[in-house]
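Secondary and tertiary structure notes
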Amino acid sequence: MIVRIARKELTEQLRDGRFRASAAIIAVLLIGATAVGWRSWRDVSEEHTRAQAEAREHFECQEEKNPHAAAHYGLYLFKPKLPLAFVDPGIDPYTGVSVYLEAHQRNDLQHRPARDATALQRFGELTAAAVLQFLMPLLIVVLTFPSIAAEREQGTLRQVLSLGVQPGQLVAGKALGLAVSLGLIAVPAVAIGVYLLIQSGPDAEKTWPHALAMATGYLVYLGIFLLLSLTVSARARSSRAALITLLAFWIVNTMIAPRLATDLSRRWLPTPSSLEFHAAIDRDIRQGIDGHDPADERLRRLEEDLLTQYDVDFVEDLPVNFQGIALQASEEYGNAVFDRHHDTLWERFWLQNALRKGLGFVLPTLAIRELSMGLAGTDTSQYHEFSEAAETHRRIIVRTLNKDLEINGADLGFMYQAGPELWESMPLFRYEMPEIGSVLFRQAFACLALIFWLALSIELLNRSARSLRAD
């Protein structure tokens, strides 16, 4: 019986001109967004790879100079774009794509594409994730709101139930028929997405678990909207009331919730402005973390300790280069200040993230957004991971260069110069995609929120089916 009802529902949908028109629009948008997103991802990835190679070449081709001058010459690193970023670019356009490594400074990511975009582009960028998160639920609402309510209004629901059809069978059949009709829209886009993912290069193999998890997440998310829409249609007195209720739910979830969650997290858990943050770091480096240990005093104590350690009276008599040691000591102190302030800042960011993820238990769109960005490698966690990896790389390079100055420049001071062989010996930067287990662990809140909403929507639909009346 359920299959018969599903077949009837599917047939009616396919005969409905509204379904064909809306399905065609959504399918074109989804396929177009997927294809355009992949093309943009491929172009940007190639540019990043080329720019990374050129930056490394420029660093290695420096002329002979003091190693600390080479540390100030610096090196650019580019955040790799993981293959699934073509589905969901996440926060990447707003957080920057590259970071400049140099001595004494921990720089933020820069070159943010959103800054160069027009206001219209920032507002209206169409991605596959946006279609799945915003437009597909709207299509579900538009197609589902009259499925039971309209039959009640037309009197056909009484006839169906009088034939002995159980309400549960009726609701299950309609859900199955609607799910199949919606699947017909998504299948072409999914097939194209799979093909494009295969064409994404050597990293594609590592991405399949992430892609499967993302597909499952969106399946659950859209299933939630389908079940809730049927529930409202079964309980509403009229199809108009069902439509108003479902549109209100859709608007709150997709239009209001993302902005509201961001504003609430900023209001309840404020963070310092960029100017305040960097001013506090500069102050702690100059005056000391406790405010009573200025840089000159730290340098004087270091000099006294070294003279005592090597039992000499003057810096010129040291068997090592004092400038190399002093510069590295300054780096270590600066690193401690950077860690202190960045750790405090990120603790606040993690609380803001937790708040947004917690709101996913109230508004499912927030949950799928977090999960989608996490699996695409474009969320806050992976921004933080790349930033930390880049900072670790910066410290390795600066420490190596200062160590060379300390050991090999004992008699020359700042006159010591090193050659290209030292620049070429610097390690290459590598950033690996997080394993699927790690990503799902970080997104546990989002996963649990979607499971919660799926269980809730199933229970609500079951109750609605048990209490379904023809009048």
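Given the structure is predicted, the values throughout are model-derived calculations rather than measurements.

So, about the pattern of salt bridges. If you walk through the whole model with that rule in mind, you get 22 salt bridges. Ionic pairing is found between Asp16 and Arg18, a salt bridge with its closest N-O pair at 2.9 Å. The salt bridge involving Arg463 is made with Glu459; its shortest N-O contact spans 2.9 Å. Note that Arg463 and Glu459 are positioned in helix α20 (residues 444–466) at a spacing of 4 residues, about one turn of the helix. Linked through salt bridges whose partners overlap, the residues forming this network are Arg106, Glu331, Asp339, Glu388, Glu391, Arg394 and Arg395.

On strand β2 (residues 98–101), burial covers both faces: Ser98 and Tyr100 on one face and Val99 and Leu101 on the other are all buried. Where strand β1 (residues 75–78) lies against β2, 4 bridges are found, and the strand directions are antiparallel. Bridge assignment links Leu75 to a residue of β2, and that residue is Leu101.

Structurally, Glu331 can be placed in helix α15 (residues 322–359). In this structure the side chain of Glu331 is engaged in a polar contact, spanning 3.5 Å, whose partner is the side chain of Arg394. Once you skip the residues sitting within four places of it in the chain, Glu331 turns out to touch Ala103, His104, Arg394, Val398 and Asn402.

For the rest of this paragraph, the subject is helix α8 (residues 146–154). Among the 9 residues of α8, 7 are classified as buried, and the element is accordingly described as predominantly covered. The elements touched by buried residues of α8 are α1 (2–15), α7 (128–144), α9 (156–162), α10 (167–198), α11 (204–235) and α12 (239–268). Backbone geometry just after α8 places Gly155 at a positive phi near 85°.

About the cut-offs
- Numbering of residues starts from 1 in each chain and follows the order in which that chain's sequence is written.
- Since the coordinates come from a predicted model, pLDDT governs what is reported: local features require at least 70, and pairs of side-chain atoms require 80 or more to be given and counted, while whole-chain, interface and lining totals use all residues.
- Excluded from the side-chain calculations are hydrogens and water; all other atoms, namely the structure's heavy atoms, are used.
- For this analysis, a salt bridge means a side-chain nitrogen from Lys or Arg found within 4 Å of a carboxyl oxygen belonging to Asp or Glu.
- The helix and strand labels rest on DSSP assignments: H or I over at least four residues marks a helix, E over at least two residues marks a strand, and numbering proceeds from the N terminus.
- The rule is simple: take the accessible area with a 1.4 Å probe, protein chains only, and divide by the maximum for that residue type; under 20% is buried, over 50% is exposed, in between is partly exposed.
- We call two strands paired when DSSP finds no fewer than two bridges between them.
- Think of a polar contact as two N or O atoms within 3.5 Å of one another; within protein, one of them needs to be a possible hydrogen donor and the other a possible acceptor, and neighboring residues in sequence only count if both atoms come from side chains.
- Pairs of residues are marked as contacts when any of their non-hydrogen atoms sit within 4.5 Å.

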